[in-house]
Amino acid sequence: MNLKISNEVKQALESGKAVVALESTIISHGMPYPQNVETALRVEQEVRAHGAVPATIAIIGGVPTVGCSKEEIECLGKAGLTATKVSRRDMPIVVAKGLNGATTVAGTMILAEKAGIKIFATGGIGGVHRGAEKTMDISADLEELQTTDVTVVCAGAKSILDLNLTMEYLETKGVAVIGYGTDELPAFFTRKSGIKVGYRMDTPNEIARALYAKTDMGLKGGMLITNPIPEEYSMDASVINQAIDKAIAEAEEKGIKGKDITPFLLDKIQKITGGNSLNSNIELVLNNARLAAQIAVELSQIGG
Ligand code: PSU
Ligand code: MN
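Residues numbered from 1 in each chain as written. Chains lettered and ligands numbered in written order. Predicted model: local features only at pLDDT ≥ 70, side-chain atom pairs only at ≥ 80, totals over all residues. Heavy atoms only, no water.

Colleague: Describe the pattern of salt bridges, and please don't skip the residues or the numbers.
Modeller: Applying the stated criterion to the full structure yields 17 salt bridges. A salt bridge links Glu184 to Lys192; the shortest N-O distance between them is 3.8 Å. The class of Glu184 is buried, set by a relative accessible area of 19%. (Salt bridge = Lys/Arg side-chain N within 4 Å of Asp/Glu carboxyl O. Buried < 20%, exposed > 50% of the residue type's maximum accessible area, 1.4 Å probe, protein only.)

Encoded structure:
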């Protein structure tokens with residue numbers, strides 16, 4: 001296949017240096033322009049500042065690209081919701097048509113694995129939607145964590161999802177959910193959800209050793225590392241939950257479904273809560289980039 005890996009990323013991988021994958025749907029569909037582009041570039045800086053090489057992943061003109069340029073990031077950020085959101089099922093279509101595509105967590109994991117990148121940082125993952133017992137809306141991100149050898153560092157999941165069902169699903173799929181410095185699953189904008197994670201780990205080294213053991217045992221799939229938003233940026237749970245309920249009610253009213261629902265809800269929540277939630281969102285992504293870089297450095301030191 002035609003996989004374009006930037007020179008910097010290629011050299012880092014060849015010399016066993018730490019590399020962190022970054023997704024692009026968060027740029028096009030997760031935040032408004034121009035903050036999305038500014039954030040994507042700051043996230044890359046944060047990864048570098050902690051000793052790893054960033055690899056932003058997308059499909060550019062039909063070419064799966066690992067290590068996007070500033071211009072490519074700018075282009076995806078400007079395109080916003082008009083860029084194609086690429087999860088597993090969309091990938092061959094976007095490649096065959098020669099389109100630009102922003103990769104989701106699942107899409108980014110697929111390309112990161114092909115490039116040989118083990119660690120990936122993002123904001124929030126997709127999961128089991130509220131009401132999934134009727135709609136069967138379960139993000140392909142969860143299946144990908146079962147089968148693809150990439151570990152995702154996130155701030156938990158937003159309560160646009162059913163967090164209990166998301167945890168049950170991951171357990172069924174054999175995906176370990178680790179709380180970084182916490183026993184509780186973080187809920188993206190807030191540090192707590194009242195739901196227990198599988199394991200608590202307190203250092204990047206502890207996480208790297210678990211990842212090393214998984215690879216060493218030949219166990220397929222990734223782990224999910226959940227990193228609570230820093231206290232000073234966390235939001236008031238009732239404010240954010242009200243915004244989420246309102247956004248979900250509007251999506252139901254408008255009959256929004258399938259791949260459009262997550263971007264619709266993210267956009268609505270941002271509009272309802274204003275700059276507040278955007279700032280929290282930016283800070284938690286930076287926080288995850290930092291932890292992912294630290295884990296990647298530890299992993300490269302133990303030869304994983
Ligand atoms: N949740 C967020 N921010 C995001 C996403 C989800 O809090 O940016 C994006 C990610 O790219 C994720 C995708 O992989 O949405 C999930 O979409 P779906 O539910 O359609 O699988
Ligand atoms: Mn879905």
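Moving on, there is more to tell.
Colleague: Could you give an account of helix 8 (residues 140-147), naming the residues involved and the relevant values?
Modeller: Looking at helix 8, one finds that the buried residues are Asp141, Leu142, Glu144 and Leu145. Buried residues in helix 8, looked at end-on, bunch into an arc of 160°, giving them a common side. On its buried side, helix 8 packs onto helix 6 (105-115), strand 8 (151-154), helix 9 (163-172) and strand 11 (224-226). (Helix = DSSP H or I, 4+ residues; strand = E, 2+ residues; numbered from the N terminus. Arc of directions from axis to C-beta. Contact = heavy atoms within 4.5 Å.)

Colleague: Break down helix 10 (residues 204-216) for me, with residues and values.
Modeller: The terminal C-alpha atoms of helix 10, which comprises 13 residues, lie 18 Å apart, in line with the 18 Å expected from a rise of 1.5 Å per residue. When helix 10 is considered as a whole, its buried residues turn out to be Pro204, Ile207, Ala208, Ala210, Leu211 and Lys214. Looking straight down helix 10, one finds that the buried residues subtend no more than 160° of arc, so they occupy a single side. Buried residues in helix 10 make contact with strand 7 (119-121), strand 8, strand 9 (177-180), strand 10 (199-201), strand 11 and helix 13 (275-301). Taken from the residues just after helix 10, Gly218 is the one with a positive phi, measuring 70°. (Expected span 1.5 Å × (residues − 1).)

Colleague: Could you give me a rundown of the packing of aromatic side chains, with the residues and numbers involved?
Modeller: All chains considered together, the criterion is met by one aromatic pair. Their ring planes at 80° and their centres at 4.8 Å tell us that Phe188 and Phe189 sit as a pair that is edge-to-face. Across the pair, Phe189 and Phe188 agree in class, each one buried. The positively charged end of Lys158 is found above the aromatic ring belonging to Phe188, 3.7 Å away from the centroid. (Phe/Tyr/Trp six-rings, centres within 6.5 Å; stacked < 30°, edge-to-face > 60°. Lys NZ or Arg CZ within 6 Å of the ring centre and 35° of its normal.)

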